[in-house]
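Spelled out from the first residue to the last, the chains are:
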Amino acid sequence: MRTVDIITKKRDGLPLETEEINWFIEQVTLGAIPDYQIAAWLMAVYLRGMERREIIDLTLAMARSGDILDLSDTLAYSIDKHSSGGVGDKTTLVVLPLVAACGVPVAKMSGRGLGFSGGTLDKLEAIPGFNVQIAGERFKAQARSIGLVLAGQSARLAPADGILYSLRDVTGTVPSLPLIASSIMSKKIAAGAQGVVLDVKVGRGAFMPTLDAARDLAQIMVNIGKDAGRDVIAVISDMNQPLGSAVGNALEVMEAVKTLRGEFTGDFLEHCLNIAGYMLKLAGRCERYLDAAETRSVLLQAFKDGSAFAKFREMVIAQDGDVSVVDEPSRLSQARVIVPYYAPLSGYISMAAAELIAQAAFELGAGRATKADQIDLAVGLEVHVKVGDYVEKGQLLVTIHANDPNKLDACMAHLQRAFAFSETPVERLPLFYDVIES
Ligand code: URA
């Protein structure tokens, strides 16, 4: 086969054969295709799209390009979750121990953040000593012993996706639904998931700006799951405003710990209850319970009786983290400069723009622009209001946690643009827009 023929075929809008996709991905993984040809192929896929069969072929070829984790000797049913990335999204930190406390063990690999949405691994590293390099037998042994392990993604997991992604990033081909869907699902399949709950974010702080695009992406991933023999539920959730209050690594861990201890209610708790409920449903745990209301009460009970928090503590101890900061979250790394940001007007909040709030946190050092950047784990924002809330002029909107006072102006400039106020009442934003199941 010749790479140029595969590029030309896709350029002309023709579907690629399974053998062609397999060969192309094998050659990409071997490093046998120059970047300019891979880039041309990516642009052809971006412009011409792919049929359902091509997407599943591409997903499976990328999943097979590296190690495939087999958890069948470890878990009766391996369940995973994935978020397409959101501002203040610390859901994994709460949902995994919650689900494990309800009797469904979880062994998950997570990634780091790039751009303005932080990754779960970065957040976990706000816990001093927490070891994300748990692999092989230790990964499985921890899943067996305490029913919960949360580790970094191995470099051998779907390496073809890593190669394609780094070129998509610099060729304007990231926002292609077949490429996004196959990228996400290849890693879930390679990580051994039998069931996956996908949290597809939509809105100004998300990858997917419109509900139609989010629905299309969700449907493609659900189809991939079906074709690959995996159970997938995709929820479409709002990302126009931050999820919960904290944006920034240590602050998000603090919010997650407080949620696990039952000290927080609100949108973040509701979000976690929904995602965890779908995970229990996929794992078959809900069959004993009649409906969503009962699933919810089982989950709430795990908060109330302390078992979800206890599971989180067990994981921190098993992964060498300093559990005293979990017991006393005020001992998490603290920023030196705490600055309030007040409402400039009275009125109903009509906008709390997720992407601008994320950029404000980014200015403080909470995220990384390139893979090599160091994150400042202590800095970030606590956003105290939601769209629809009424505030008086001068009321506290945001608490800024900074280490470098020179970065405050840039942060504030984003915050000034992030909020809008209305004299008349404003409807609250929904948490979820849709659920797509196979
Ligand atoms: N997340 C991924 O893993 N891949 C994409 O292409 C987009 C989001």
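Conventions and cut-offs
- Residues numbered from 1 in each chain as written.
- Predicted model: local features only at pLDDT ≥ 70, side-chain atom pairs only at ≥ 80, totals over all residues.
- Heavy atoms only, no water.
- Near = heavy atom within 4 Å.
- Polar contact = N/O pair within 3.5 Å; in protein donor to acceptor, adjacent residues only side chain to side chain.
- Areas by Shrake-Rupley, 256 points an atom, 1.4 Å probe, with all protein chains shown as cover.
- Helix = DSSP H or I, 4+ residues; strand = E, 2+ residues; numbered from the N terminus.
- Nonpolar A, V, L, I, M, F, W, Y, C, P; charged D, E, K, R; others polar.
- Domains from an automatic or database assignment.
- Contact = heavy atoms within 4.5 Å.
- Buried area = accessible area lost by both parts, 1.4 Å probe.
- Salt bridge = Lys/Arg side-chain N within 4 Å of Asp/Glu carboxyl O.
- Buried < 20%, exposed > 50% of the residue type's maximum accessible area, 1.4 Å probe, protein only.
- Expected span 1.5 Å × (residues − 1).

### Description of the site of the ligand
Next, step 1: Neighbouring the ligand are the residues Tyr165, Arg168, Ile180, Ser183, Ile184, Lys187 and Phe207.
Next, step 2: Between Arg168 and the ligand, the recorded distance is 2.8 Å, taken from a side-chain N or O atom to an oxygen atom.
Next, step 3: Considering the ligand on its own, with 230 Å² of exposed area, one finds that the protein chains cover 88% of that surface.
Next, step 4: Only helix 8 (159–171) and helix 9 (177–190) provide two or more residues apiece to the shell around the ligand.
Next, step 5: In terms of residue count, helix 9 provides more of the shell around the ligand than any other element does, 4 residues in total.
Next, step 6: For the shell around the ligand, the per-class residue count stands at 4 nonpolar, 1 polar and 2 charged.

### Some thoughts on the domain arrangement of the chain
Next, step 1: Partitioning the chain into structural domains gives domain 1 (3–63), domain 2 (79–328) and domain 3 (332–422).
Next, step 2: Put simply, the middle of domain 2 and the middle of domain 3, counted by C-alpha atoms, are 24 Å apart.
Next, step 3: Contacts between domain 2 and domain 3 engage 30 residues on the former and 31 residues on the latter.
Next, step 4: The junction of domain 2 with domain 3 conceals about 2,300 Å² of combined surface from both sides, 60% of it contributed by carbon and sulfur atoms.
Next, step 5: Across the salt bridge formed by Arg204 and Glu355, the nearest N and O atoms sit 2.7 Å from each other.
Next, step 6: At the level of secondary structure, the elements contributing two or more residues to the side of domain 2 that touches domain 3 comprise strand 6 (246–247) and helix 11 (249–260).

### A closer look at the environment of Glu51
Next, step 1: Along the chain, Glu51 turns up in the loop between helix 3 (35–48) and helix 4 (52–63).
Next, step 2: The exposure class assigned to Glu51 is partly exposed, which follows from its relative accessible area of 42%.
Next, step 3: A sequence separation of 192 residues divides Glu51 from Leu243, and the C-alpha atoms of the two residues are 34 Å apart.

### Describing the pattern of salt bridges
Next, step 1: Under the definition given, this model contains 27 salt bridges.
Next, step 2: A salt bridge links Arg215 to Asp434; the shortest N-O distance between them is 2.6 Å. Of this pair, Arg215 sits in helix 10 (residues 211–227) while Asp434 is found in strand 13 (residues 432–437), placing the two residues 219 residues apart along the sequence.
Next, step 3: Judged by its relative accessible area of 29%, Arg215 is partly exposed.
Next, step 4: Relative accessible area serves as the criterion here: at 23%, Asp434 is assigned to the partly exposed category.
Next, step 5: One salt bridge connects Arg313 with Asp327, and the closest N-O pair in it is separated by 2.8 Å. One end of the pair, Arg313, is in helix 14 (residues 307–318); the other, Asp327, is in helix 15 (residues 323–327), with 14 residues separating them in the sequence.
Next, step 6: According to the relative accessible area criterion, Asp327 is partly exposed, its value standing at 32%.

### Some words on helix 3
Next, step 1: With 14 residues, helix 3 ought to run about 20 Å at 1.5 Å a step, and its terminal C-alpha atoms sit 20 Å apart, in line with that.
Next, step 2: Those residues of helix 3 that sit buried are Gln37, Ile38, Ala39, Trp41, Leu42, Ala44 and Val45.
Next, step 3: Contact partners of the buried residues in helix 3: helix 1 (3–11), helix 2 (18–30), helix 4, helix 8 and helix 9.

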